[in-house]
There are 2 protein chains.
Amino acid sequence: MTTTTTDLESWLAGQRRTVDAALERLLPREPECPRIIVEAARYSVIAGGKRLRPMLALASADAVAGRLSVDRDPALALALPAACALELIHTYSLVHDDLPAMDDDTLRRGRPTAHVVFGEGMAILAGDALLTEAFVILAREPASPPRGDPVLDARKLRTLRRIAEAAGAAGMVGGQALDLQAAQAGAAPLDADALRRMHASKTGALIRAAAAAGAIMAGADGPMLDALDEYAAHLGLAFQIVDDILDVEGASVDLGKTAGKDAAAGKPTYPAFFGLEASRALAARSVESALAALERERLAGQLPAIARWVVSRTH
Amino acid sequence: MTTTTTDLESWLAGQRRTVDAALERLLPREPECPRIIVEAARYSVIAGGKRLRPMLALASADAVAGRLSVDRDPALALALPAACALELIHTYSLVHDDLPAMDDDTLRRGRPTAHVVFGEGMAILAGDALLTEAFVILAREPASPPRGDPVLDARKLRTLRRIAEAAGAAGMVGGQALDLQAAQAGAAPLDADALRRMHASKTGALIRAAAAAGAIMAGADGPMLDALDEYAAHLGLAFQIVDDILDVEGASVDLGKTAGKDAAAGKPTYPAFFGLEASRALAARSVESALAALERERLAGQLPAIARWVVSRTH
């Protein structure tokens, strides 16, 4: 099956509507939660963004359903809560990363950052709330029947553990700590290898967990999961390289965040180490490796088109 | 069975050694995690504290085992990961609460707070790591056999959900948001009822979840869980009132934190609303209600003694 760019765009648009509606339903609300934390928690999530992690989780579930010859809609429904939880975790990481004590950014997704609007303390709490809510959702949804469904419970626990490990000290938070440490006065600058390791934790781990989460919820195991993990690892690297390239080339209005900031802050980037041309070539090779991993397990659906989109995107 | 203070102290000391050893094993470590986040995450946990929430979870599991006439040691082992996860969540909340953007405290558990030692950014990340690690532990431990154990999986999911709901925007984080909002310039001061609601979320929710978590892991359900929840709700109120009293009366060296700070910051406290005598009487009545809830379901073990200790403690 060949997927054109238009197919991908229309698929993404449809899934995005589903994810946004589910997020609206799953986010903290009054009267169970105080108004101020509801507003602060919702502000950054509703602002949007590419929703890359939810889309990967859903595309992964879709590909697994295709490979196992089962209906795609139930597989997507099983993966939807994990897709939403991943977006909440990604958003919490942005809210905390933007704080004055971290990257000190004032613009994100085209709007003032949460701490600019709600103050630093409330932004910290909003991030805490989003992270915690992600685990409420993963433990609660999709709902098991009253007496439980052993297969579903086992998948939920496995998915939750996979996502938590990727988000924690061995993954995303660990990568942010390395990034913060490298940015401190007097710290030795990261070399190319340390840069790759930092990104593999900071952004790569959650992207891999997204592909794994969708696949586990849809019933994947063994070599199929390994192939999707390999796909996502290559995809994550390509995504980061392109992010660095866009930071050098882009304008704030397209990115929805402050452009040129990494370079201005003296942060190491792929173009700074390898130049623009070699960085583009590295991103392209990563995508080829991602596609090869899929082919090995005859996984398809939207995943190949997503990998190609990652290197061709302009924002 | 009558439990004397000495019995309680010796039971607590033994369980504390078990919890501390488990925490040592379960906390983030090298080389999976970068050294800086390992150090920052461990710093505040190893500092100690009363370990009230783990002790409640274990005492609750112990009481349920006694009531169901099953062996106590396996029940305690089932509850131990939840006990550790609760302590990590409590510690993360202290690390974030102590930040300059929140309560701006420099002393905690007798040592400089995490942001004083590691910097604000790293303290935020250490809190994030502790919160996330709590869910890794809850999803992973106690380990299911390779093909899963449906009863254990169901209990783990239920426990995880109960704890996450109590820690999030509808519980602890929501309470912290109310506290922060009330402390802001120009905010209307909390009245006695709003103070009670704030504490019920900020500290009460996680204390209730601790009692519930130990009980669920040990196999409790229905009226037994309801009685333990009622016990813990009264206990949490008594604990908070006594905390306020100690803040007025205590010295920093006993508390291990800055004494008189709440009153100095103009924060509402129970003694400020009701006076010391009436506050003490309110705490004593709460403990009586907690004991009555236990008796209704013939739950005992260390839980009655813990309730009496909460009002008699001097730090």
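Refer to the structure presented above.
Residues numbered from 1 in each chain as written. Chains lettered and ligands numbered in written order. Predicted model: local features only at pLDDT ≥ 70, side-chain atom pairs only at ≥ 80, totals over all residues. Heavy atoms only, no water.

Examining the relation of the copies chain B and chain A
Between chain B and chain A, which share one sequence, the superposing operator has a rotation angle of 180° and an axial displacement of 0.0 Å; the RMSD is 0.0 Å. In symmetry terms, the pair is related by a two-fold rotation axis. Looking at the rotation axis and the C-alpha trace of chain B, the residue lying nearest is B:Pro150, at 2.6 Å. A share of 100% of the interface residues of chain B reappears at the interface of chain A, consistent with the copies meeting face to face through the same patch. (Least-squares fit on C-alpha atoms with pLDDT ≥ 70 in both. Contact = heavy atoms within 4.5 Å.)

Topic: the pattern of salt bridges
Scanning all chains against the criterion turns up 44 salt bridges over all chains. One salt bridge connects A:Arg280 with A:Glu249, and the closest N-O pair in it is separated by 2.5 Å. Residue A:Arg280 is located in helix H14 (residues 276–296), and its partner A:Glu249 is located in helix H10 (residues 222–249); the two are separated by 31 residues in the primary sequence. Note that B:Asp62 and B:Arg72 form a salt bridge whose closest N and O atoms lie 2.8 Å from each other. (Salt bridge = Lys/Arg side-chain N within 4 Å of Asp/Glu carboxyl O. Helix = DSSP H or I, 4+ residues; strand = E, 2+ residues; numbered from the N terminus.)

A look at the packing of helix H3 (residues 52–68) of chain B against helix H9 (residues 192–217) of chain B
Residue and element names in this part refer to chain B. Running from N to C, H3 and H9 cross one another at 35°; their axes reach a closest spacing of 7 Å. Viewed along their axes, H3 and H9 form a crossing whose handedness is right-handed. Residues Leu 52, Arg 53, Leu 56, Ala 57, Ser 60, Ala 61 and Val 64 of H3 form the contact with H9, whose participating residues are Leu 206, Ile 207, Ala 210, Ala 211, Gly 214 and Ala 215. Classifying every residue of the contact of H3 with H9 gives 10 nonpolar, 2 polar and 1 charged. (Axes fitted to C-alpha atoms, helices over the stretch in contact; angles between N-to-C directions. Left-handed = near helix turned anticlockwise from the far one by under 90°. Nonpolar A, V, L, I, M, F, W, Y, C, P; charged D, E, K, R; others polar.)

Quick look at the packing of aromatic side chains
Evaluated as defined, the whole model comprises 7 aromatic pairs over all chains. A ring pair is formed by A:Phe273 and A:Phe274, whose centres lie 6.2 Å apart and whose planes are at 50°; its orientation type is tilted. Among the residues examined, A:Phe274 registers a relative accessible area of 36% and is labelled partly exposed. Among the aromatic side chains, those forming a connected cluster through ring pairs are A:Tyr270, A:Phe273 and A:Phe274. Between the NZ or CZ atom of A:Arg313 and the centre of the ring of A:Phe239, over which it lies, the distance is 4.0 Å. Sitting over the face of the ring of B:Tyr43, B:Arg111 holds its NZ or CZ atom 4.0 Å from the ring centroid. (Phe/Tyr/Trp six-rings, centres within 6.5 Å; stacked < 30°, edge-to-face > 60°. Buried < 20%, exposed > 50% of the residue type's maximum accessible area, 1.4 Å probe, protein only. Lys NZ or Arg CZ within 6 Å of the ring centre and 35° of its normal.)

Remarks on the interface of chain B and chain A
Taken together, the contact between chain B and chain A spans 45 residues of the former and 45 residues of the latter. Here chain B and chain A share an interface that buries about 3,800 Å² over both sides, 79% of which is from carbon and sulfur atoms. Contact with chain A buries area across many residues of chain B, yet B:Leu125, B:Leu157 and B:Ala169 alone supply 16% of it, more than any other trio. The tally of links between chain B and chain A comes to 0 salt bridges. (Buried area = accessible area lost by both parts, 1.4 Å probe.)

Structural notes on unusual backbone geometry
Of the consecutive residues A:Glu30 and A:Pro31, the connecting peptide bond is found in the cis state with omega at 0°. Position of A:Pro31 among the secondary structure elements: in the loop between helix H1 (5–26) and helix H2 (35–46). In the segment running from B:Glu141 into B:Pro142, the intervening peptide bond is cis, with an omega of -10°. Within the secondary structure, B:Pro142 is located in the loop between helix H6 (120–140) and helix H7 (150–167).

Digging into the state of the cysteines
Here the structure, examined in full by the defined rule, presents 0 disulfides over all chains. Left unpaired, A:Cys84 is separated from the closest cysteine sulfur, that of A:Cys33, by 16 Å. (Disulfide = S-S within 2.5 Å.)

Side note on helix H8 (residues 172–183) of chain B
With 12 residues, H8(B) ought to run about 16 Å at 1.5 Å a step, and its terminal C-alpha atoms sit 17 Å apart, in line with that. Residues B:Met172, B:Val173, B:Gly174, B:Gly175, B:Gln176, B:Ala177, B:Asp179 and B:Leu180 constitute the buried set of H8(B). Considering only its buried residues, H8(B) is in contact with H2 and helix H6 (120–140) of chain A together with helix H4 (72–97), H7 and H9 of chain B. (Expected span 1.5 Å × (residues − 1).)

Comments concerning the side chain of B:His199
Residue placement: B:His199 occurs in helix H9. The exposure class of B:His199 is buried, given its relative accessible area of 10%.

Note that all results are geometric; they support no functional claim without further evidence.
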